[in-house]
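Each chain is listed here by its residues.
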Amino acid sequence: MSAGSNQPQDALAAFRVPAFRAFWFFRLFVSSAIQIQGVAVGWQIYELTHDPLMLGLIGLAEAVPALGIALYAGHIADVMSRRTILRLATGLFLVATAALAVVSYSGFHGYLIGHIWLIYLIIFLTGLCRGFLSPAQFGLLGQIVPPELYSNASIWNANVWQAACIGGPAAAGFLYGFHGAAVTYALATAMLLAGWGCLFAIPNLKISGTRTDQSIIASIHEGLRFVFRSQVIFGSMALDLFAVLFGGAVALLPIYAGEILHTGPLGLGLLRMAPAVGSAIVGLYLSWRPITRRAGPALMWNVAGFGVSMILFGICKNPYWSFVWLVFSGGFDAVSVFVRWTMFQIVTPDHMKGRVASVSSIFVGSSNEIGEFESGVMAKLMGTVPSVVFGGCMTLVVAAMTAILAPKLRALDMTKVVPEE
């Protein structure tokens, strides 16, 4: 994860902006709630069905609405107050999570067994909310910090997700193991309420360069054209899409925890947390010494490292070493996230950021959920361990092919990146 000739910087520079502090805590609470809900839903469905395909369907239920609404959500994030969008989407997410707590109450357990579709319906609603959250968050971040702080703000924005990925799964595993699904969902609901409150400390900022004379279709087409004509943007999105699609194994972690490593729900929480530990360690380093020169080679090698880590995790039957390999996978992934999102902020003009983020959410964000579905299907066809190993091998192939087909991305140097029009 070499950073080349990069120089140290003020690691906390972005936190000196009050609006960024409020935004960071909003992200912390909402991201923690997402992680808590993810662990609880995964283990609850596993307890009710013991079927890997049903676990994979969780990802599909969330990805379908997120994919379906993404381009429209990106357009809205470029013409409407991004703070208002976040308030509305977070509020609906809160209501949906509270509904999960209600239907998971012990008194409804017998009813839920015969009506498991209720869980998938609620997850569908949360996917709809996440479709609006992603472009609004990306656009608002670019508004509340000056361009010279994009690098620092991007890494702390990634770090807060990793912090949530550490604390959220650990808390969810503990609560679910000792108190059940309803209490776990109740904590996620409280987190969402706290995040919703943080939005009131962020000013309502006007989007510069917004066009009001465009139709929705024309606006979406403009965003797509901007993404697809840029080799560095499109190439990085495609790289992460296929790496996550093939290499991710989140949907299968309940099976690893229950049948291969025999660790139970607490172990599931720790396994879900492990990649975030690696990402947080690397993220803290990058906040001090960000990658500037040779960002392209760093991106390619770290995606390959992610694939190797997943292969080693797939064949490992020791819970401690499994945790270690997942930590490494998160560390490698952190470099990819940093390079991609810093470059996106620099290259994309303010009035296009919602649409670029929406396309990215299709390529990258929802690939997590589609990847979960793919994992469930492949595990059903090949078996759990072979499917994870196969996914890691395919990630290596993807990294090699991208290095060959996207020379501008391979040669990316952050010191020479300029805004595109």
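Structure's up top.
Everything quoted here is computed from the prediction, not taken from an experiment. (Residues numbered from 1 in each chain as written. Predicted model: local features only at pLDDT ≥ 70, side-chain atom pairs only at ≥ 80, totals over all residues. Heavy atoms only, no water.)

**Some details on the packing of helix H6 (residues 150-179) against helix H11 (residues 264-288)**
Running from N to C, H6 and H11 point in directions that differ by 160°, and their axes come no closer than 8 Å. Classified by the interaxial angle, the pair formed by H6 and H11 is roughly antiparallel. Crossing hand, H6 versus H11: left-handed. Residues belonging to the contact of H6 with H11 are distributed by class as follows: 16 nonpolar, nine polar and one charged. (Axes fitted to C-alpha atoms, helices over the stretch in contact; angles between N-to-C directions. Helix = DSSP H or I, 4+ residues; strand = E, 2+ residues; numbered from the N terminus. Parallel < 35°, antiparallel > 145°, perpendicular 65-115°, else oblique. Left-handed = near helix turned anticlockwise from the far one by under 90°. Nonpolar A, V, L, I, M, F, W, Y, C, P; charged D, E, K, R; others polar.)

**A word on the pattern of salt bridges**
Per the stated rule, a full pass over the model turns up six salt bridges. A salt bridge links Arg-130 to Glu-62; the nearest nitrogen and oxygen atoms lie 3.1 Å apart. You can see Arg-130 sitting in helix H5 (residues 117-144) and its partner Glu-62 sitting in helix H2 (residues 52-77), a full 68 residues away along the chain. Residue classification places Arg-130 among the partly exposed positions, given a relative accessible area of 24%. Arg-340 serves as the salt-bridge partner of Asp-240, at 3.1 Å between the closest nitrogen and oxygen. Taken together, the residues span a long stretch of sequence, with Asp-240 in helix H9 (residues 231-247) and Arg-340 in helix H13 (residues 319-347) at a distance of 100 residues. Residue Asp-240 shares its accessibility class with Arg-340, and that shared class is buried. (Salt bridge = Lys/Arg side-chain N within 4 Å of Asp/Glu carboxyl O. Buried < 20%, exposed > 50% of the residue type's maximum accessible area, 1.4 Å probe, protein only.)

**Quick look at unusual backbone geometry**
The backbone of His-262 shows a phi angle near 55°, a positive value even though the residue is not glycine. Topologically, His-262 is positioned in the loop between helix H10 (253-260) and H11. What makes His-262 exposed here is its relative accessible area of 61%.

**Notes on the nonpolar core**
Phe-20, Ile-233 and Val-339 are the most contacted members of the largest nonpolar core, which has 117 residues in total. Here Ile-233 is in contact with Phe-226, Val-227, Met-343, Phe-344, Val-347 and Thr-348, once residues within four sequence places are set aside. (Core = buried A, V, L, I, M, F, W, Y, C linked by side-chain atoms within 4.5 Å. Contact = heavy atoms within 4.5 Å.)

**Comments concerning the packing of aromatic side chains**
As enumerated under the stated definition, the model contains 19 aromatic pairs in all. Relative to Phe-313, the ring of Tyr-256 lies with its centre 4.7 Å away and its plane at 35°, an arrangement referred to as tilted. With Tyr-256 in helix H10 and Phe-313 in helix H12 (residues 295-315), this pair connects stretches of sequence that are 57 residues apart. The pair formed by Tyr-256 and Phe-313 is uniform in burial state, with each residue classed as buried. Where Trp-341 meets Phe-344, the ring centres are 5.3 Å apart and the plane angle is 80°; that geometry is what we call edge-to-face. Here the residue Trp-341 and the residue Phe-344 both occupy positions in helix H13, the gap between them amounting to three residues, near one helical turn. Pairwise contacts between aromatic rings join Phe-15, Phe-20, Phe-23, Trp-24, Phe-25, Phe-26 and Trp-156 into one cluster. A cation over an aromatic ring shows up here: Arg-87 above the ring of Phe-200, its NZ or CZ 4.0 Å from the ring centre. Against the face of Trp-288 rests Arg-289, its NZ or CZ located 5.4 Å from the ring centre. (Phe/Tyr/Trp six-rings, centres within 6.5 Å; stacked < 30°, edge-to-face > 60°. Lys NZ or Arg CZ within 6 Å of the ring centre and 35° of its normal.)

**What about H10?**
By the burial criterion, the buried members of H10 are Leu-253, Pro-254, Ile-255, Tyr-256 and Ala-257. Turning to H10, the residues buried within the fold contact helix H1 (18-49), H2, H11, H12, H13 and helix H15 (384-405). His-262 sits one or two residues past H10 and shows a positive phi near 55°.

**Points about the side chain of Thr-90**
Structurally, the position occupied by Thr-90 is in helix H3 (residues 82-103). Sequence-distant contacts of Thr-90, defined by excluding residues within four places in its chain, comprise Phe-26, Val-30, Leu-133, Leu-192, Trp-196 and Leu-199.

**Structural notes on a nonpolar patch on the surface**
On the surface, a nonpolar cluster with roughly 450 Å² of combined accessible area is contributed by Val-64, Trp-117, Leu-121, Phe-124 and Leu-125. With four residues, H5 is the single largest residue contributor to the nonpolar patch. Of the residues examined, Val-64 reaches a relative accessible area of 44% and is grouped as partly exposed. (Patch = residues over 30% accessible without salt bridge, like charges linked within 9 Å, V, L, I, M, F, W, Y side chains within 5 Å. Areas by Shrake-Rupley, 256 points an atom, 1.4 Å probe, with all protein chains shown as cover.)

**What about the packing of H1 against H3?**
In contact at an axis separation of 12 Å, H1 and H3 are set at 30° when each is read in the N-to-C sense. As far as their axial angle goes, H3 and H1 are roughly parallel. Regarding H1 and H3, the two cross each other, and that crossing is left-handed. Of the residues in H3, those in contact with Phe-26, Val-30, Ile-34, Gln-37 and Val-41 of H1 are Leu-86, Thr-90, Phe-93, Thr-97 and Leu-100. Among the residues forming the contact of H1 with H3, the class breakdown is seven nonpolar, three polar and no charged.

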